[in-house]
Every structure is written in structure tokens, then in C-alpha cells.
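# Coordinates in review
The chain contents come next:
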Amino acid sequence: MSMEDYDYLFKIVLIGNAGVGKTCLVRRFTQGLFPPGQGATIGVDFMIKTVEIKGEKVKLQIWDTAGQERFRSITQSYYRSANALILTYDITCEDSFRCLPEWLREIEQYANNQVVTILVGNKIDLADKREVLRQRAEDFAQAQSMLYLETSAKESDNVEKLFLDLACELIREAKQNKLDNNDTAPMPGEGKTISYLNCCSLN
Ligand SMILES: Nc1nc2c(ncn2[C@@H]2O[C@H](COP(=O)(O)OP(=O)(O)OP(=O)(O)O)[C@@H](O)[C@H]2O)c(=O)[nH]1
């Protein structure tokens, strides 16, 4: 495939506390594996996967950021150009959920105001260790106008759906923006509600 052989190019950035499973989600999606003994990300990693949605080729640039506080100034610089953010927490770790408002402040401060954000509760294979009820997370996501999905990188649960639904939403927005000719682009600081689209759900 040549460099130009795609219809859309989107940048997706994963953020969230250390250890919630961001790298495992990316590796499951891009390489189809669950890496044993995955170490902490240093700074930022980058992977590419091209998918086809309704006959259109969509190239996804996926940026996996380190959750550790000490890398925050590096990772913040990747927010600005993101088309979508995957804000991840671990359903077995209350702390990772409690930190979400802090992450939302980061998004508010550093991301572009058109960014599509999806909240992801990872590690649903560890159901008996769950600390954050699904309803609570759904309510939180809805209050913040975010999409919500629960995944397991380990069991490959909802991982394809996560990235394909996002790609689908980004295509929809790109087409809409073209139609609107940017007349209705939100003003800085104006919130944006995203409707959830299931147009290319796999399950
Ligand atoms: N049971 C289970 N464990 C998972 C899952 N996803 C990730 N893990 C484990 O959680 C730990 C952290 O995973 P990472 O993918 O490195 O987490 P991260 O969010 O990228 O962490 P940082 O790079 O430090 O920000 C590893 O031990 C993984 O094996 C999952 O879906 N289920």
C-alpha cells in the first residue's frame, strides 16, 4: 500500500493512569496479541493500522502515552493534534476512575475543542475484582458528553469495536464538517455533544 492509499487519516491518542492497559489495548488491536509482562510506557509510543469501513480506507495513527505523572509534560504535547482521545481507566481500580476529572482537565487545557473522546473501562475479564460499577461509569461519561465502552485487552473483548466505532464517528464528523464548511465549528471552550453511532459495530 502506498503512503497515499487511504481515504482518511485520523490521529487517536490513548491517555489515562499508569497500568490501566493502554498499551495492551493498542497491541491487541494492531498486532492481535496480549503481551505477557507488558512494561510501563516511556514517553509515547506510536503504531499504525489501516482499516476498511464501508469501502473506505481509514488509516489510524495511534499514539500510546505513558500514564506516569513524570511523563505528563511530554504526553500533553500530543493532545493538540488528536482527532480522538481514548480516556482509559481500569474497572478493578477505583483510583484510576477517581482520577478521571483530572484527565478531563488535561483534555480541556491541551486538546482541540473538536476532539472526540471515548471513556473506556478496561479489564472486564477481571469481573470478580470490579471496583467501579458500569452504571456509575456510564453516568459519568454521559454527564461529560463522552462515549463509553468496556473492554478486555486480554480477552479481546470490544477492542475492535472500540477503534472501529471511533473511526466511524470520525468519518461521520469529517463528512459533516465538509458539509457545514466549518460554519458551525464550536467556539473555543464550548462543549460538544457526540451522538453514539453504531454504523460499523462488529457485534
Ligand atoms: N486481566 C487483564 N489485565 C490487563 C488487561 N489489560 C492490561 N492488563 C495488564 O495490566 C498491566 C498494565 O498494562 P499496560 O498496557 O502496560 O498499561 P498502560 O496503561 O499502558 O500503562 P503505562 O504505560 O504505565 O501508562 C499489565 O500487567 C497488563 O498485563 C486486561 O484487559 N485484563
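Residues numbered from 1 in each chain as written. Predicted model: local features only at pLDDT ≥ 70, side-chain atom pairs only at ≥ 80, totals over all residues. Heavy atoms only, no water.

The name given to the chain in an unreviewed UniProt entry is Ras-related protein Rab-30, with the source organism recorded as Kryptolebias marmoratus. Word for word, the UniProt comment on the chain under Sequence similarities (unreviewed entry) is "Belongs to the small GTPase superfamily. Rab family." Word for word, the UniProt comment on the chain under Cofactor (unreviewed entry) is "Mg(2+)". (UniProt positions renumbered as here; feature names shortened; annotations may be inferred.)

### Topic: the overall build of the chain
Per the secondary structure count, the chain includes six helices and six strands. Listing the helices and strands of the chain from first to last along the sequence gives β-α-β-β-α-β-α-α-β-α-β-α. Counting the 203 residues in the chain, one finds 47% classified as buried. Intrachain contacts of the chain at a sequence separation of at least 6 include 76% that bridge at least 24 residues. (Helix = DSSP H or I, 4+ residues; strand = E, 2+ residues; numbered from the N terminus. Buried < 20%, exposed > 50% of the residue type's maximum accessible area, 1.4 Å probe, protein only. Contact = heavy atoms within 4.5 Å.)

### Some points on the pattern of salt bridges
Going through the model one piece at a time under the given rule, you end up with eleven salt bridges. A salt bridge links E69 to R72; the shortest N-O distance between them is 3.8 Å. With a closest N to O distance of 2.9 Å, E138 and R134 form a salt bridge. Of this pair, E138 and R134 both sit in helix α5 (residues 134-143), four residues apart, roughly one helical turn. Each of E94, D95, R98 and R136 takes part in salt bridges that share partners, so that together they form one network. (Salt bridge = Lys/Arg side-chain N within 4 Å of Asp/Glu carboxyl O.)

### Some points on the site of the ligand
The environment of the ligand is made up of 22 residues, and the closest members are K22, T41, G67, D125 and A153. Between T41 and the ligand, the recorded distance is 2.7 Å, taken from a backbone N or O atom to an oxygen atom. G67 has a polar backbone atom sitting 2.7 Å from an oxygen atom of the ligand. Computed on the free molecule, the ligand has an accessible area of 650 Å², of which 86% lies beneath the protein chains in the complex. When its residues are assigned to classes, the shell around the ligand shows eight nonpolar, ten polar and four charged. (Near = heavy atom within 4 Å. Polar contact = N/O pair within 3.5 Å; in protein donor to acceptor, adjacent residues only side chain to side chain. Areas by Shrake-Rupley, 256 points an atom, 1.4 Å probe, with all protein chains shown as cover. Nonpolar A, V, L, I, M, F, W, Y, C, P; charged D, E, K, R; others polar.)

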